[in-house]
Structures are given as structure tokens and as C-alpha cells.
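Secondary and tertiary structure notes
Chain by chain, the residues run as shown.
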Amino acid sequence: MIYNQEIIKERLLKVGVEVDSIYDLVNTNEKYPQAIDTLISLLNENIDFNQKIKEGIVRSLAVKEAKGKANDVLFKLYELNSEDLRSLNWAIGNTIYIIVQPKDEEKIIEIVKDKSKGTARQMFVSALGKLKSDAVEKVLIDLLDDEDVRGHAISALGKLKSLKAASKISTFLDHDNSWIRKVAKKALKKIG
């Protein structure tokens, strides 16, 4: 682990970014556009980072400067990861949520339809709420039946102001889970 941190520190220092840990980037408000290509390279190389360090690199790419640059490597990493790496897979979805582009639609739809990674798909579902298309709306409506991502699908449909989903979302106003009820109410308010 120390060795892995040293690789990161050394590579980032070469581009003028000084850190003690990858989480220094995750937790800063400072911009670091010169580090984006280095961070992507660290994920692309087959360095045997432990999950926490890899997750730190993924989270450090959740900045607008990584948009359109890091998307492909993150999708590749998600595909290669096993289901038991839930936290890392969720973090990848969260970063994609921040840097999502319209060209990512097909890939995200493929990810959210594959139930094998369960709740790790939640932020990919949320990312769909930023992409407006008939295909996205249909997939999100279908995901209302998927307990692992239901709340995120409701929220995304609210962002899309989906009239087609309104009646189905209204059935969740009496749901057992208070968060689902709250998200449904909020989504219906956005839909109008």
C-alpha cells in the first residue's frame, strides 16, 4: 500500500501536484486539471492498487476537467470489477454521474440493466436522469420494479419530468420505505 501511494505521489509531483495521499485530491476544493491525464494513466496501467487507493483515484476524477477524458477508462474498470467490489463500483457510478456525456447513454443503459452488481448501479441510474431520450425514460420506468435502484430511478424520472412515469411513481407515495415516499413526492412535484 505504501508503495502504491509512492507511485501516485511521484507521478502527480511530475505534473506539479503535491499530495500525501490520493484522498488529498478527493477532499480538496482546489482544481487540478494538469493531474487528470496522470490519474487516468494510473487506472489504465495494470498497477496492483488496493481497492481503497483505486477508489480514491476514481473519486478524484469526479471533476468537470475529467469530463470526456475519464469516461471510457471508468466504464472499462467497472466491467472488469467483480460484484463484491461494491464500494468501488458505486464510486465509479458516482464519478460517471458527475462527468456523464450524451455519448455515454448506451453504455449506462447496458450497465443498469445488468442486475448482477445490485446497488452499485445506483449512481449510473441517477446519471440517466441527466440524459433526455425515449430510451432512457423507458429504461428508468422499467427500473421502478428493481428494488436495488428504485429510489434513484424515481429521482431520475423526476429530473426528466417524465409524464409517462407519473402514475407509476404515485404508487410509491405509500411505500414502506420513508426515503422512497419522499423521493416519489419530490419527483411528482417536479413532473407537475
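Residues numbered from 1 in each chain as written. Predicted model: local features only at pLDDT ≥ 70, side-chain atom pairs only at ≥ 80, totals over all residues. Heavy atoms only, no water.

**Focus on the packing of aromatic side chains**
According to the stated counting rule, one finds 2 aromatic pairs in the structure shown. Arranged with centres 6.5 Å apart and planes meeting at 25 degrees, the rings of Phe-75 and Phe-124 form a pair that is stacked. Placement of Phe-75 in helix H5 (residues 71-80) and of Phe-124 in helix H8 (residues 122-128) is noted, with a sequence separation of 49 residues between them. For the pair Phe-75 and Phe-124, one class covers both residues: buried. Considering the side-chain rings of Tyr-78 and Phe-124, the 4.8 Å spacing of their centres and the 70 degrees angle between planes classify their relative orientation as edge-to-face. With a gap of 46 residues between them, Tyr-78 in helix H5 and Phe-124 in helix H8 connect regions that are remote in the sequence. Each member of the pair, Tyr-78 as well as Phe-124, carries the same accessibility label: buried. An aromatic cluster is built from Phe-75, Tyr-78 and Phe-124, whose rings are joined through pairwise contacts. Above the ring of Tyr-23, the side-chain terminus of Lys-52 is found at 4.6 Å from the ring centroid. The cationic tip of Lys-117 hangs over the ring face of Tyr-78; the distance from NZ or CZ to the ring centre is 4.1 Å. (Phe/Tyr/Trp six-rings, centres within 6.5 Å; stacked < 30°, edge-to-face > 60°. Helix = DSSP H or I, 4+ residues; strand = E, 2+ residues; numbered from the N terminus. Buried < 20%, exposed > 50% of the residue type's maximum accessible area, 1.4 Å probe, protein only. Lys NZ or Arg CZ within 6 Å of the ring centre and 35° of its normal.)

**Some remarks on the environment of Ser-41**
One can find Ser-41 in helix H3 (residues 36-44). Residues Ser-41 and Val-17, 24 residues apart in the sequence, show an inter-C-alpha distance of 15 Å.

**Quick word on helix H6 (residues 86-99)**
Compared with an ideal rise of 1.5 Å per residue, which puts 14 residues at 20 Å, H6 spans 20 Å between its outermost C-alpha atoms and is within 8% of the ideal. Regarding H6, the residues found buried are Leu-88, Asn-89, Ala-91, Ile-92, Gly-93, Asn-94, Thr-95, Ile-96, Tyr-97 and Ile-99. (Expected span 1.5 Å × (residues − 1).)

**Considerations on the side chain of Asn-81**
One can find Asn-81 in the loop between H5 and H6. Side chain to side chain, Asn-81 and Asn-89 meet in a polar contact 2.9 Å long. (Polar contact = N/O pair within 3.5 Å; in protein donor to acceptor, adjacent residues only side chain to side chain.)

**Here's the deal with the pattern of salt bridges**
Any two side chains of opposite charge can pair if their charged atoms end up close together. As enumerated under the stated definition, the model contains 14 salt bridges in all. Here Arg-11 and Glu-45 are joined by a salt bridge, their closest N and O atoms 2.9 Å apart. Remark: Glu-45 occurs in the loop between H3 and helix H4 (51-60) and Arg-11 occurs in helix H1 (residues 2-14); sequence separation between them is 34 residues. Among the residues examined, Glu-45 registers a relative accessible area of 32% and is labelled partly exposed. (Salt bridge = Lys/Arg side-chain N within 4 Å of Asp/Glu carboxyl O.)

**Concerning unusual backbone geometry**
The backbone of Lys-161 shows a phi angle near 55 degrees, a positive value even though the residue is not glycine. Among the structural elements, Lys-161 can be located in the loop between helix H10 (150-159) and helix H11 (166-170).

**Some words on the nonpolar core**
Ranked by internal contacts, the top residues of the largest apolar core, which has 68 residues, are Leu-39, Leu-74, Ile-108, Leu-140 and Ile-169. Setting aside residues up to four positions removed in sequence, Ile-108 forms contacts with Phe-75, Ile-96, Val-100, Phe-124, Ala-127, Leu-128 and Leu-131. (Core = buried A, V, L, I, M, F, W, Y, C linked by side-chain atoms within 4.5 Å. Contact = heavy atoms within 4.5 Å.)

These figures capture arrangement, not role.
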